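# Close look at the chain arrangement
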Amino acid sequence: AQSVTQLGSHVSVSEGALVLLRCNYSSSVPPYLFWYVQYPNQGLQLLLKYTSAATLVKGINGFEAEFKKSETSFHLTKPSAHMSDAAEYFCAVSFSSNTGKLIFGQGTTLQVKP
Amino acid sequence: EPEVTQTPSHQVTQMGQEVILRCVPISNHLYFYWYRQILGQKVEFLVSFYNNEISEKSEIFDDQFSVERPDGSNFTLKIRSTKLEDSAMYFCASPLAGVGNEQFFGPGTRLTVL
């Protein structure tokens, strides 16, 4: 079955520190991968996406993610955390074999400490 | 940037009542989706809609749920007889063109069933 796993429901970093949010997927077909961010009481905003072009994907707000097929991973990173990065982050996957629906991971809450 | 809009932003209803959640997708989009997010949980796929019919639905989307696109612009989700467990945030989304492209999410409707 196709699924997404985000390791760590809660990640806390200091301002200026590296952000690493982990995402692994399970699939028998090539995936399309996405990271979305959700600020409190708001909708979902796309950070970045992987759709079989470059394996290192750059997104908004200084975030990037690397698709590693051998590890079935798509971890999200940012070299230096900012207070405004505090939010909920969701990894999601879709596949060409279905209707394009997104399958989401459980989400990771990022806390940024001053 | 194109925008998906949803109304109302918050709906409070009594158990057993019918509710209709409305979405105005981006005008040239062809696929439409509804997702829900129970408080503190992950985003879950409900239903996808293409060419004026349901293309896929999840096990959550039972007979109490229905969707339609009544006038070519609005996209609605109806819950016929709400239950307490229907309390959630409901998101409408649409991609630019079919599978693999990022989905643009609306701001959501918070449904509270009392």
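Overview of the structure. (Residues numbered from 1 in each chain as written. Chains lettered and ligands numbered in written order. Predicted model: local features only at pLDDT ≥ 70, side-chain atom pairs only at ≥ 80, totals over all residues. Heavy atoms only, no water.)

A count of helices and strands for chain A gives zero helices and twelve strands. Of the regular secondary structure in chain A, the N- to C-terminal order runs β-β-β-β-β-β-β-β-β-β-β-β. Since a compact globule built from 114 residues should have a radius of gyration of about 13 Å, the 14 Å found for chain A is in line with a globular shape. Considering only C-alpha atoms, chain A reaches an extent of 45 × 30 × 20 Å along its principal axes. (Helix = DSSP H or I, 4+ residues; strand = E, 2+ residues; numbered from the N terminus. Rg over C-alpha atoms; globule rule 2.2 N^0.38 Å.)

Another aspect to go through is the state of the cysteines. Residues and elements named next belong to chain A. Under the criterion given, the structure shown has two disulfides over all chains. A disulfide bridge connects Cys-23 with Cys-91, and the sulfur atoms are separated by 1.9 Å. The disulfide joining Cys-23 to Cys-91 has a torsion of about -65° about its S-S bond and is therefore left-handed. Here Cys-91 lies in strand β10 (residues 87–95) and Cys-23 lies in the loop between β3 (19–21) and β4 (24–26), a separation of 68 residues in the sequence. For Cys-23, a relative accessible area of 0% gives the class buried. Here Cys-91 falls in the buried class, since its relative accessible area comes to 0%. (Disulfide = S-S within 2.5 Å. Buried < 20%, exposed > 50% of the residue type's maximum accessible area, 1.4 Å probe, protein only.)

Here the focus is the environment of B:Ser94. Along the polypeptide, B:Ser94 turns up in strand β9 (residues 88–95). Those residues in contact with B:Ser94, other than ones at most four positions away along the chain, are B:Val4, B:Pro25, B:Ile26, B:His29, B:Tyr31, B:Phe32, B:Tyr33, B:Glu102, B:Gln103 and B:Phe104. (Contact = heavy atoms within 4.5 Å.)

Turning our attention to the interface of chain A and chain B. Every contact between the two is made by 23 residues of chain A and, on the other side, 21 residues of chain B. In this assembly, chain A packs against chain B so that about 1,700 Å² is buried in total across both faces, 56% of it on carbon and sulfur atoms. Across the chain A-chain B interface, the total number found is two salt bridges. Measuring nitrogen to oxygen at the nearest pair gives 2.7 Å for the salt bridge that ties A:Lys101 to B:Glu56. (Buried area = accessible area lost by both parts, 1.4 Å probe. Salt bridge = Lys/Arg side-chain N within 4 Å of Asp/Glu carboxyl O.)

This part covers the environment of B:Tyr33. Its location among the elements puts B:Tyr33 in strand β4 (residues 31–37). Expressed as a C-alpha distance, the spacing of B:Tyr33 and B:Val67, which sit 34 residues apart in the sequence, is 9.7 Å.

Turning to the pairing of strand β8 (residues 75–79) of chain B, a few remarks are in order. All names here are of chain B. Counting buried positions along β8 yields four of five residues, so the element is predominantly enclosed. As paired strands, strand β3 (residues 19–24) and β8 are joined by five bridges and run antiparallel to one another. Note on β8: the bridge partner recorded for Leu-21 is Leu-77. Two elements, strand β7 (residues 65–68) and β8, share four bridges in a ladder whose sense is antiparallel. Note on β8: the bridge partner recorded for Ser-66 is Lys-78. Between β7 and β8, which pair antiparallel one after the other, the connecting turn spans six residues, and Gly-72 there sits at a positive phi close to 80°. (Pairing = 2+ DSSP bridges.)

Under the counting rule described, the total for this entry stands at 19 aromatic pairs over all chains. Seen in terms of ring centroids, A:Phe90 and A:Phe104 are 6.2 Å apart; in terms of plane orientation they differ by 85°. Their pairing is edge-to-face. Remark: A:Phe104 occurs in strand β11 (residues 103–104) and A:Phe90 occurs in strand β10; sequence separation between them is 14 residues. A:Phe104 gets classed as buried once you look at its relative accessible area, which sits at 2%. Seen in terms of ring centroids, A:Phe104 and B:Phe105 are 6.1 Å apart; in terms of plane orientation they differ by 75°. Their pairing is edge-to-face. Here B:Phe105 lies in strand β10 (residues 103–105) and A:Phe104 lies in strand β11, a pairing that spans two chains. Joined through ring pairs, the aromatic side chains of A:Phe34, A:Tyr36, A:Phe90, A:Phe104, B:Tyr33, B:Tyr35, B:Phe45, B:Phe91 and B:Phe105 make up one cluster. (Phe/Tyr/Trp six-rings, centres within 6.5 Å; stacked < 30°, edge-to-face > 60°.)

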